[in-house]
Amino acid sequence: MATATATWRYRGDPEGERPAALVRFANGRLERPESLHFTVYRNRDSAHPRKRHRRIVVSETERLCYVGHNFGSQVMRCNSLCRYFVGVLDKSSGQMDVYNAEMFNMQPLLSDNVMPDDTKEYQTKSYREKMDLCIEAFGTSKQKRALSSRRMNAVGSDIVSTAVTKAAANVIDAKGVTGLMQDVAQDDVQNISAFLPPCHEDAQRLEHVYRFEDILSPAEYEALRAPAAALASITAEELAKRAEERSLCSFVLEELKFLPTDEKSRDHKARCLWFLDTLIKFSQQKVIKKKHPMGPECPHIISKKLMKNFTSLTYNNGSIQNLISASMKAKITAYAIALALHINNFQTDLTVLQNDLKLSESRILDIAKALRLKVSKAKGVPGLENDQSHKLGTLSLPLPTQKAPEGQRKRKKMS
């Protein structure tokens, strides 16, 4: 590497403030150092404590243009480890003036046109690409490291995406589309089973298969006394108004028409219906942002149960949020069906619940079958979706054995 000395004075700079520089060319040896001319540019922001010392040295030869910086990624560490001085000898007086100096690493600027006249290519760039160009030219070291890291991650993502695509193609070639669809269906049933209420397969009575205590603990059940009192004492006029306002889900509105006359049974059913309505409304949310998502009238123990048992924690924008994911929606559906079975003597209208929960028919039927219910057809409630044919889910003993999803049959061996 060749080293040359460039001496100048900055216009407007105080006497003796970095009036000289040592430049080193990174790509070869100088044949005629005396023929080079240097130009220095300084930052206009002279009030900024960091920017006012920034300098750019430019030198141009017949073949290349060279640029050196005393800031950014190209800065030489030797400037911070030691000090350089340049002496200028006055031959007439025999005196030498000594000036502070900095070392600049001159890199060739491999560009046909430093300042292109045609800006069409620049104008077609996206906002992100333009910002990246600004960071490359004027960004801090931290911003440049972040830019480099982002570009490396983008390259890594492309590599991973290519590898995943290739692996997926190999799997499809090996198993075929039909085999993969069957595997997905089987995995879907297994995923649903992980979010079901506890099932006691050896139970001798229907109410013990999915125990009521596994759905609502005694403390939670007791907390429902006050909020459910309004449902227990609801009149026909109030029920009609609730139906018009749609302040209650369809399943609860229908069941409130058949409240028992016995005070204890009436109170029990009202508590179950209040919690079922709250559970269905809770399932319609996506990200829980409020401390009391179901309002102040919801008991604290119930709000805590909903947040703890039916949401997933996720990290977003620097904070932890509670999210009702697809798996949590399946769990809410399973518990809603189990509670509806206790309300309706272990037979419930799955279509009404499907409409309230805003699910597809295949989804709720998959969950019902995972709960070991027998599904049958029945005429629905008049006036609900054109009196459509409804699906009934019935819990019976002995429990049916779990079967593979429909359409998954044993494939014959190829001879």
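Refer to the preceding data block for the structure.
On a predicted model such as this, the values are computed, not experimentally measured, just so you know. (Residues numbered from 1 in each chain as written. Predicted model: local features only at pLDDT ≥ 70, side-chain atom pairs only at ≥ 80, totals over all residues. Heavy atoms only, no water.)

### Focus: the packing of helix α13 (residues 350-357) against helix α14 (residues 361-370)
Put simply, α13 and α14 touch, their axes get as near as 10 Å, and they point 120 degrees apart. With respect to α14, the axis of α13 lies oblique. As α13 runs across α14, the sense of the crossing is right-handed. Of the residues in α14, those touching α13 at L350, L353 and Q354 are E361, I364, L365 and A368. Residue classes in the contact of α13 with α14 are distributed as five nonpolar, one polar and one charged. (Axes fitted to C-alpha atoms, helices over the stretch in contact; angles between N-to-C directions. Helix = DSSP H or I, 4+ residues; strand = E, 2+ residues; numbered from the N terminus. Parallel < 35°, antiparallel > 145°, perpendicular 65-115°, else oblique. Left-handed = near helix turned anticlockwise from the far one by under 90°. Contact = heavy atoms within 4.5 Å. Nonpolar A, V, L, I, M, F, W, Y, C, P; charged D, E, K, R; others polar.)

### What to know about the packing of aromatic side chains
Following the criterion strictly, the structure yields three aromatic pairs and no others. Pairing F25 with Y66 gives two aromatic rings, centres 4.9 Å apart and planes at 85 degrees, and the pair type is edge-to-face. Remark: Y66 occurs in strand β5 (residues 65-69) and F25 occurs in strand β2 (residues 20-25); sequence separation between them is 41 residues. Consider the rings of F212 and Y221, whose centres lie 5.7 Å apart with planes at 85 degrees: the pair is edge-to-face. Judged by relative accessible area, F212 falls into the buried class, the value being 14%. The aromatic ring of Y221 is capped on one face by R271, whose charged end is 4.5 Å from the ring centroid. For the cation-ring pair, K331 lies above F310, with the distance from its terminal atom to the ring centre recorded as 5.6 Å. (Phe/Tyr/Trp six-rings, centres within 6.5 Å; stacked < 30°, edge-to-face > 60°. Buried < 20%, exposed > 50% of the residue type's maximum accessible area, 1.4 Å probe, protein only. Lys NZ or Arg CZ within 6 Å of the ring centre and 35° of its normal.)

### Description of the packing of helix α12 (residues 326-343) against α14
Two elements in contact, α12 and α14, have axes whose closest approach is 10 Å; the angle formed by their N-to-C orientations is 60 degrees. One element, α12, and the other, α14, form an angle in the oblique class. Every pair of crossing elements has a handedness; the one defined by α12 and α14 is right-handed. Counted together, A326, A330, T333, A334 and I337 of α12 and R363, I364, I367 and A368 of α14 form the full contact between these two elements.

### Overview of the side chain of N70
Here N70 is to be found in the loop between β5 and α1 (78-81). At a separation of 2.8 Å, a polar atom in the side chain of N70 contacts the main-chain carbonyl oxygen of H53. Here the side chain of N70 touches E102 through a polar contact of 3.4 Å, side chain to side chain. (Polar contact = N/O pair within 3.5 Å; in protein donor to acceptor, adjacent residues only side chain to side chain.)

### Details of a nonpolar patch on the surface
A contiguous nonpolar surface patch, about 430 Å² in accessible area, is contributed by F85, L89, M96 and V98. For the nonpolar patch, the secondary structure elements donating two or more residues are β6 (84-90) and β7 (95-108). Inspection of the secondary structure assignment puts V98 in strand β7. (Patch = residues over 30% accessible without salt bridge, like charges linked within 9 Å, V, L, I, M, F, W, Y side chains within 5 Å. Areas by Shrake-Rupley, 256 points an atom, 1.4 Å probe, with all protein chains shown as cover. Salt bridge = Lys/Arg side-chain N within 4 Å of Asp/Glu carboxyl O.)

### A short note on α12
Taking 1.5 Å of rise per residue, the 18 residues of α12 would be expected to cover 26 Å, and the 26 Å separating its terminal C-alpha atoms lies within 8% of that figure. Burial analysis of α12 places 16 of its 18 residues in the buried class, which makes it a mostly covered element. Just downstream of α12, N345 is the residue with a positive phi angle, here 60 degrees. (Expected span 1.5 Å × (residues − 1).)

### Considering the environment of S141
Its place among the elements puts S141 in helix α4 (residues 141-193). Considered as a pair, S141 and G72 are 69 residues apart in the sequence and their alpha carbons are 5.6 Å apart.

### Notes on the environment of A229
Within the secondary structure, A229 is located in helix α7 (residues 225-232). You can call A229 partly exposed: its relative accessible area is 37%. In sequence terms A229 and W274 are 45 residues apart; their C-alpha atoms lie 9.4 Å from each other.

### Observations regarding the pairing of β5
Of all five residues in β5, five are buried, a share of seventy percent or more. Sheet topology note: the strand β4 (residues 55-60)/β5 ladder contains five bridges and is antiparallel. When the sheet's bridge partners are listed, S59 is paired in β5 with Y66. Counting the residues that bridge the hairpin from β4 to β5 gives four residues. As paired strands, β5 and β7 are joined by two bridges and run antiparallel to one another. For Y66, the partnering residue across the bridge sits in β7 and is P108. (Pairing = 2+ DSSP bridges.)

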